Amino acid sequence: MDDLRIPAHVAIIMDGNGRWAKKRNLPRKMGHVEGCKVVEQTVEDAARLGIQYLTVYAFSTENWKRSKDEISALMQLFRYYTKRLLKIAAENNVRVRMIGERSRFPEDIVKGINALESTTRGNTRMTFVIAVNYGSRDEIRRGMSRMMADCRDGRVSPEEVTEELISSYLDTAGIPDPDLLIRTSGEERLSNFLLWQLAYSEFYFSDVLWPDFSKEELVKAIEVYNKRERRFGDAK
Ligand code: IPE
Ligand code: IPE
Ligand code: MG
């Protein structure tokens, strides 16, 4: 493990909380409660491994279709974690950043998110990016809408549109693209996650349900990543 190349940016689609609960005859929300504990542990594990950016998919723009009961349980967890993460971030020198459209959340949660970002801004060991009310198509739509407004106001012209410029209009502006994407629970699709940013990332799918994820699983994914020969369209 000593000579393991650690990817700079690991992105995770944390899936399988509901099935984990169902297997135990528990309500779905208990799967989310367990899943959140695993997020805490994973932040610490990733920082210790030397990962520089860890991005997790916590709530998608499509997840509003879930039952009122489940959504309100998830909101309660977000509320709690905006506070709890202040402590975890301080202990681990981690900067927290949220991507997604936050204004749809209740006002106190938006305030909690803003406070978490500003309080942790100076932390340098790892950046922990949480995607909440995030959908890649929605992110691109919002970014392009801002770009067109800038064009209308004379701040940018059509000739200046490069890939870098497009990236700068996305929520992930300034964050390097993920090197490795992990999705748990056996599902093998992107579910509207980072469509632009994952263009050349390596994908790793695990059958483990998110509440059962562990440092061992993370290291296993990095070991598989190490065996991959990365390509970027070039001839080797
Ligand atoms: C992932 O687990 C967490 C969220 C989407 C909030 P799921 O809730 O999707 O769990 P499954 O896929 O139903 O097992
Ligand atoms: C993707 O998982 C979103 C998150 C992990 C937050 P879902 O469980 O919502 O995705 P689908 O419905 O299986 O594609
Ligand atoms: Mg799911």
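Before going into details, it helps to say that this report is about the structure given with it.

Here we look at empty space enclosed by the protein
Stage number 1. All chains considered together, the criterion is met by one cavity of 30 Å³ or more.
Stage number 2. Taken as a whole, the largest cavity holds about 40 Å³ of empty space.
Stage number 3. Lining the largest cavity we find His 9, Thr 55, Ile 99, Val 129, Thr 172, Ile 175, Pro 176, Pro 178, Leu 194 and Gln 197.
Stage number 4. Residues belonging to the lining of the largest cavity are distributed by class as follows: six nonpolar, four polar and no charged.

Focus: the site of ligand 2
Stage number 1. The immediate surroundings of ligand 2 are formed by Ile 13, Met 14, Asp 15, Tyr 57, Ala 58, Phe 59, Asn 63, Arg 66, Arg 183, Arg 189 and Ser 191.
Stage number 2. The side chain of Arg 183 places a nitrogen or oxygen atom 3.5 Å from an oxygen atom of ligand 2.
Stage number 3. Against a free-state accessible area of 390 Å², the protein chains account for coverage of 77% of ligand 2.
Stage number 4. Using a 2 Å cut-off from the grid points, one finds that ligand 2 occupies the largest pocket.
Stage number 5. Of the residues in the shell around ligand 2, the class split is five nonpolar, two polar and four charged.

Brief notes about unusual backbone geometry
Stage number 1. Phi at Asn 25 is positive, roughly 55 degrees, even though this residue is not glycine.
Stage number 2. Note that Asn 25 resides in the loop between helix 1 (17-23) and helix 2 (28-49).

Comments concerning the site of ligand 1
Stage number 1. The local shell around ligand 1 consists of Met 14, Asp 15, Gly 16, Asn 17, Gly 18, Arg 19, Arg 28, His 32, Ala 58, Asn 63, Arg 66 and Glu 70.
Stage number 2. Residue Gly 16 places a main-chain N or O atom 3.4 Å away from an oxygen atom belonging to ligand 1.
Stage number 3. Contact between ligand 1 and Arg 19: an oxygen atom at 2.8 Å from a side-chain N or O atom of the residue.
Stage number 4. Protein contacts shield 87% of the accessible area of ligand 1, which totals 380 Å² for the unbound molecule.
Stage number 5. Cavity membership is defined here by more than half of the atoms lying within 2 Å of grid points; on that basis ligand 1 lies in the largest pocket.
Stage number 6. Secondary structure elements with two or more residues in the shell around ligand 1: helix 1 and helix 2.
Stage number 7. Per element, the largest residue contribution to the shell around ligand 1 is three residues, and it comes from helix 1.
Stage number 8. Classifying every residue of the shell around ligand 1 gives two nonpolar, five polar and five charged.

Some points on helix 7 (residues 215-227)
Stage number 1. Taking 1.5 Å per residue as the helical rise, helix 7 with its 13 residues ought to reach 18 Å, and the 19 Å between its terminal C-alpha atoms agrees with that figure.
Stage number 2. Regarding helix 7, the residues found buried are Glu 217, Leu 218, Val 219, Ala 221, Ile 222 and Tyr 225.
Stage number 3. In this structure, the buried residues of helix 7 make contact with helix 2, strand 5 (180-183) and strand 6 (202-205).

Reading guide: rules and limits
All residue numbers refer to positions counted from 1 along the written sequence of the respective chain. For this description, chains carry letters from A and ligands carry numbers from 1, given in the order in which they are written. It should be noted that, the model being predicted, local features are given only for residues of pLDDT at least 70 and side-chain atom pairs only at 80 or more, the latter also being counted only at that level, while totals for whole chains, interfaces and linings use all residues. Hydrogens are left out, water is left out, and the side-chain values use all remaining heavy atoms of the structure. Think of a 1 Å grid over the protein atoms and nothing else: a 1.4 Å probe that fits but is trapped marks a cavity, an open set flanked by protein within 12 Å on at least five of seven lines marks a pocket, and residues with an atom within 4 Å of a point count as lining. Grid points are joined across faces, edges and corners, and a volume is the space filled by probe spheres set on the points. Amino acids outside the nonpolar list (Ala, Val, Leu, Ile, Met, Phe, Trp, Tyr, Cys, Pro) and the charged list (Asp, Glu, Lys, Arg) are all regarded as polar, and Gly is one of them. Note on terminology: near, applied to a residue and a molecule or strand, indicates that one of the residue's heavy atoms is within 4 Å of it. Distance and chemistry together define a polar contact, namely a pair of N or O atoms within 3.5 Å, with one atom able to donate a hydrogen and the other to accept it when in protein, and with adjacent residues in sequence counting only for side-chain atoms on both sides. Residue exposure ignores everything except the shown protein chains as possible cover, and the areas themselves are Shrake-Rupley values with a 1.4 Å probe. Pocket or cavity membership: a molecule qualifies when more than half of its atoms sit within 2 Å of the grid points of that site. Counting from the N terminus, the helices are DSSP H or I runs at least four residues long and the strands are E runs at least two residues long. For a helix, the expected span equals 1.5 Å multiplied by the number of residues minus one. Buried residues are those whose accessible area, probed at 1.4 Å on protein chains only, stays under 20% of the maximum for their type, while exposed residues exceed 50% and partly exposed ones sit between those limits. Any pair of residues with heavy atoms lying within 4.5 Å of one another is described as a contacting pair.

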